[in-house]
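Chain by chain, the residues:
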Amino acid sequence: MTSPLPKVSKSQSATKEHTIENTKFHSSSASSDNLDVNLLFLVIVLLVHVGEGQNAATDVKVGIVNDVRTAYSNMTLLCINMSLSEFYSSHPETRTRLVTTLVDSQNDVVIAAAAALDLITNKEVKAILGPWTSMQAQFMIEIGQKSQIPIVSYSATSPFLASIRSQYFFRATYDDSSQVHAVKAIIKLFGWREVVPVYVDNTFGEGIMPHLTDALQEINVRIPYRTVISPNATDDEISVELLRMMTLPTRVFVVHIIEVLASRFFAKAKEIGMMKQGYVWILTNSITDGLNLMNETELDTIQGVLGVKTYVPRSEELEAFKSRWKNRFPLSDLSVYGLWAYDATTALAMAIEEAGTSNLTFVKTDAMRNMPGFQGLGVSQYGPKLLQTLSGVRFKGLAGDFRFTNRELQPLVFEIVNVNGHGGRTIGYWQKEHGLLKNLDQIKATTTTLSTWKDRLRPIIWPGDTTFVPKGWEIPTNGKRLKIGVRTDDDFPQFVKVTTDPITNSTIFSGFCI
C-alpha cells in the first residue's frame, strides 16, 4: 500500500484538533525545556475530533503504552497526537478512525505488561503503540503474538527482541545492531587495535554486544575487557568502573548506554580526568540522537567524542512539520523518536483503513482459558488482516521512506558526528555500499584517492581540545609499577652499570641489559 504523507496546513492543524481527555500537555518552566504531563488518571482516552466527513467512520480501538512522565515519551505522545489530527484532517473520506487509550507504564516492566493485558482483555484494542523500552517490550511481544495484536514500537531497539520471532511485533525504528558496521568503519579508519565496549546491564545494552564483537573480529580488533554499568548504578559505582578503566592501557571506548545514565557517566569521566587528550569515546545513537535535548552542562562533559547518529534526510514535509511544532510547542525540542512516533502512527492509521472494519471481534480459546493469568485474553480475528496491511505500508515519512522489511525499518545511512561547543557537528556519513564519506553526494573513489582519514571525514577535535589523532593506548601512570631488581656490583659494567647522580642523588642505570 503506497500513499504520500498527508500535507496539512497550519489552519487545518489548528481546527482539526486531536485532544487528550483528562490530561494536560504543556511546556515546562523556564528552567527546563522538557515537556511535562500531569496525569489525573492512569488510563486516559485520546479522542480524535474529525470533520463532517468522519460522521460515518467506524471507531477502531488502539492502545498506547508509554512512560508518560519522561521528556522523551511526552514528546512522542505529542507527535502521536499531531499525526492522528493531521492524518484525519487530510483524509476526511476515511472509513475508519483510531480511538486510542493511553496507559502510563511508569518506567516499569511489570506495569507495562499488565497494561498490555488490560488493553487487550478489557478494552479489546486491535493494536498497541509502544512500549518505550526494550525491557518492557519483551513480555508485551509474547502477549501480542498469543492474542494476534500487532505491537508497534518506535523506540524499542534491542536486537534481542528479534530473537522472539513474533510476526506481530513491528519495529518502527532501527535495530541497534544496524550501526555496528559504522562503528567498525571508524575504528578501522584510524587503525586502533583494541577497543573496550561500555554498555548498560540490561536487554538494551546486552543486545548489541554479539553484533559488535563479530564486527570487530572481522577487522582483527581485540576486546581486552568489557565495562558493564548497572542501570541503577550510583555515582560511586560509576567512579569505581572508570578508575579501573583508567588503570588499563586501552584508550578507545564504544559506549552504548541510555542517555540518563550517560549524563552521569561522562560527568564522572571528566571529573577523574578521562576526557583529556589521548582518550577516544565513540557513542552509539542511543546518546547522539538526543544531543539536541542535552543542556550545556551535559554537553560540556562529552566534548571531543565521536558518535554514530540516525540520519534523517531533509524534506519539505519535515521542514513544514518542524515549523508547526515550533508554533505549537516553542519551548520543546524534537528528536528522531518523535518523528518515528509520528510515522508509526500514520502507518497504523493507513493499515487500519486498508484492513477495513470486518470481523473486529475477539474469540476466547480453550488454550487461553486453561492458562493461569490469561483466562480473559482473547484472540483478535482482525489481527491477521491488520498484520497483512501493516506489513505492506509504504509512504514518505518525516524520518524518511517508511517501509517495513522483516517487520522493521532498515537504515541506509548513518551520520557521523563530533561533539564540539554546543552540540554535534557532522563530520561525515556511513553508507553500507561506500563506507565512510565526507558528503553523501561524494562519488565512490579509489583507495588511492581516499588514502587517509582526512579524505573520508571532516576535521575532528578530540578530547582535550586537540586535533592530533589519539594512538588508542598508553601506559597508565596510576597503575601498578613493575619493580626490577638490579645488581650493584661492577663485575660487568658493559652490561649493567649503576651510578649515583651527585647533584640529585638519584640512581642512574645504564648498560646493554638496561
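Residues numbered from 1 in each chain as written. Predicted model: local features only at pLDDT ≥ 70, side-chain atom pairs only at ≥ 80, totals over all residues. Heavy atoms only, no water.

The protein is annotated in an unreviewed UniProt entry as Receptor ligand binding region domain-containing protein of Brassica cretica. As stated in UniProt under Function (unreviewed entry), the record for the protein gives "Glutamate-gated receptor that probably acts as a non-selective cation channel. May be involved in light-signal transduction and calcium homeostasis via the regulation of calcium influx into cells." Of the comments in the UniProt record for the protein, the one headed Subunit (unreviewed entry) reads "May form heteromers." (UniProt positions renumbered as here; feature names shortened; annotations may be inferred.)

Colleague: It is not clear to me how the environment of Val-183 should be interpreted in this structure. Could you clarify?
Modeller: Residue placement: Val-183 occurs in helix α5 (residues 180–190). Apart from residues lying up to four places away in sequence, Val-183 is in contact with Leu-212, Val-254, Ile-282 and Val-308. (Helix = DSSP H or I, 4+ residues; strand = E, 2+ residues; numbered from the N terminus. Contact = heavy atoms within 4.5 Å.)

Colleague: So what exactly am I meant to see when it comes to the pairing of strand β20 (residues 423–431) here?
Modeller: A regular strand places its side chains on the two faces of the sheet in alternate fashion. Relative to β20, strand β19 (residues 413–420) runs antiparallel, the two sharing eight bridges. Looking at the pairing, Val-417 lines up with Thr-426 of β20. Here β19 folds back onto β20, and the loop between the two strands holds two residues, one of which, Gly-421, carries a positive phi near 65°. Pairing between β20 and strand β21 (residues 435–437): three bridges, direction antiparallel. Residue pairing for β21: Tyr-429 is matched across the bridge by Leu-437. What sits between the antiparallel neighbours β20 and β21 is a turn of three residues. (Pairing = 2+ DSSP bridges.)

Colleague: Is there a simple way to think about a nonpolar patch on the surface in this case?
Modeller: Taken together, Phe-492, Phe-495 and Phe-512 make up a surface patch of nonpolar side chains, about 380 Å² in accessible area. Following the sequence through the fold, Phe-512 ends up in the segment after β23 (507–510). (Patch = residues over 30% accessible without salt bridge, like charges linked within 9 Å, V, L, I, M, F, W, Y side chains within 5 Å. Areas by Shrake-Rupley, 256 points an atom, 1.4 Å probe, with all protein chains shown as cover. Salt bridge = Lys/Arg side-chain N within 4 Å of Asp/Glu carboxyl O.)

Colleague: I tried to follow the pattern of salt bridges on my own but got confused; where do I start?
Modeller: It is possible for side chains bearing opposite charge to pair when their charged atoms get close. Counted according to the given criterion, the structure contains 15 salt bridges. When the shortest N-O distance is used, the salt bridge between Arg-324 and Glu-86 registers 2.8 Å. Placement of Arg-324 in helix α12 (residues 316–328) and of Glu-86 in helix α2 (residues 71–90) is noted, with a sequence separation of 238 residues between them. Overall, the relative accessible area of 0% leaves Glu-86 in the buried class. (Buried < 20%, exposed > 50% of the residue type's maximum accessible area, 1.4 Å probe, protein only.)

Colleague: Please explain the packing of helix α8 (residues 235–246) against helix α9 (residues 259–271) as it appears in this structure.
Modeller: Packed helix pairs are characterised by how far apart their axes lie and by the angle those axes make with each other. Across the interface, α8 lies against α9 with an axial gap of 9 Å and an inter-helix angle of 55°. By the angle class used here, α8 and α9 are oblique. Crossing handedness for the pair α8 and α9: right-handed. Of the residues in α9, those touching α8 at Asp-235, Ile-238, Ser-239 and Leu-242 are Leu-261, Arg-264, Phe-265, Lys-268 and Ala-269. Looking at the contact of α8 with α9 residue by residue, the class counts come to five nonpolar, one polar and three charged. (Axes fitted to C-alpha atoms, helices over the stretch in contact; angles between N-to-C directions. Parallel < 35°, antiparallel > 145°, perpendicular 65-115°, else oblique. Left-handed = near helix turned anticlockwise from the far one by under 90°. Nonpolar A, V, L, I, M, F, W, Y, C, P; charged D, E, K, R; others polar.)

Colleague: Would you mind showing me how to read the packing of aromatic side chains here?
Modeller: Each aromatic ring pair is summarised here by two numbers: the centre-to-centre distance and the angle between the ring planes. For the structure shown, the criterion picks out 26 aromatic pairs. Ring centres of Phe-87 and Tyr-88 lie 5.2 Å apart, and the angle between their planes is 85°; on these two criteria the pair is classed as edge-to-face. An aromatic cluster is built from Tyr-72, Trp-132, Tyr-154, Tyr-174, Tyr-337, Trp-340, Phe-414 and Trp-430, whose rings are joined through pairwise contacts. Over the aromatic face of Trp-473 sits the side chain of Lys-471, whose NZ or CZ is 4.2 Å from the ring centroid. (Phe/Tyr/Trp six-rings, centres within 6.5 Å; stacked < 30°, edge-to-face > 60°. Lys NZ or Arg CZ within 6 Å of the ring centre and 35° of its normal.)

Colleague: How should helix α3 (residues 109–121) be read in this particular structure?
Modeller: Since the α-helix advances by 3.6 residues per turn, residues separated by three or four positions end up pointing in the same direction. The first and last C-alpha atoms of α3 sit 18 Å apart over 13 residues, in line with the 18 Å expected at 1.5 Å per residue. Burial in α3 covers these residues: Ala-112, Ala-113, Ala-115, Ala-116, Leu-119 and Ile-120. Viewed end-on, α3 has its buried residues packed into an arc of 155°, placing them on one side of the element. Structurally, α3 contributes buried residues whose contacts are with β5 (58–66), β6 (96–104), β7 (128–129), α4 (134–147) and β15 (362–363). Between the side-chain oxygen at the start of α3 and the backbone nitrogen of Val-110 there is a gap of 2.9 Å, and the oxygen is on Asp-108. (Expected span 1.5 Å × (residues − 1). Arc of directions from axis to C-beta. Polar contact = N/O pair within 3.5 Å; in protein donor to acceptor, adjacent residues only side chain to side chain.)

Colleague: Explain unusual backbone geometry to me, please; I cannot follow it from the model alone.
Modeller: Excluding glycine, a negative phi dihedral is what most residues carry, and trans is how most peptide bonds are arranged. The residue after Gly-130, namely Pro-131, is reached through a cis peptide bond having omega 5°. With respect to the helices and strands, Pro-131 occurs in the loop between β7 and α4. Backbone geometry places Gln-148, a non-glycine residue, at a positive phi of 60°. Looking at the secondary structure, you find Gln-148 in the loop between α4 and β8 (151–153). Positive phi, close to 60°, is recorded for Asn-220, a residue that is not glycine. Examined against the element boundaries, Asn-220 turns out to sit in the loop between α7 (209–217) and β11 (227–229). Since its relative accessible area comes to 61%, Asn-220 is described here as exposed.

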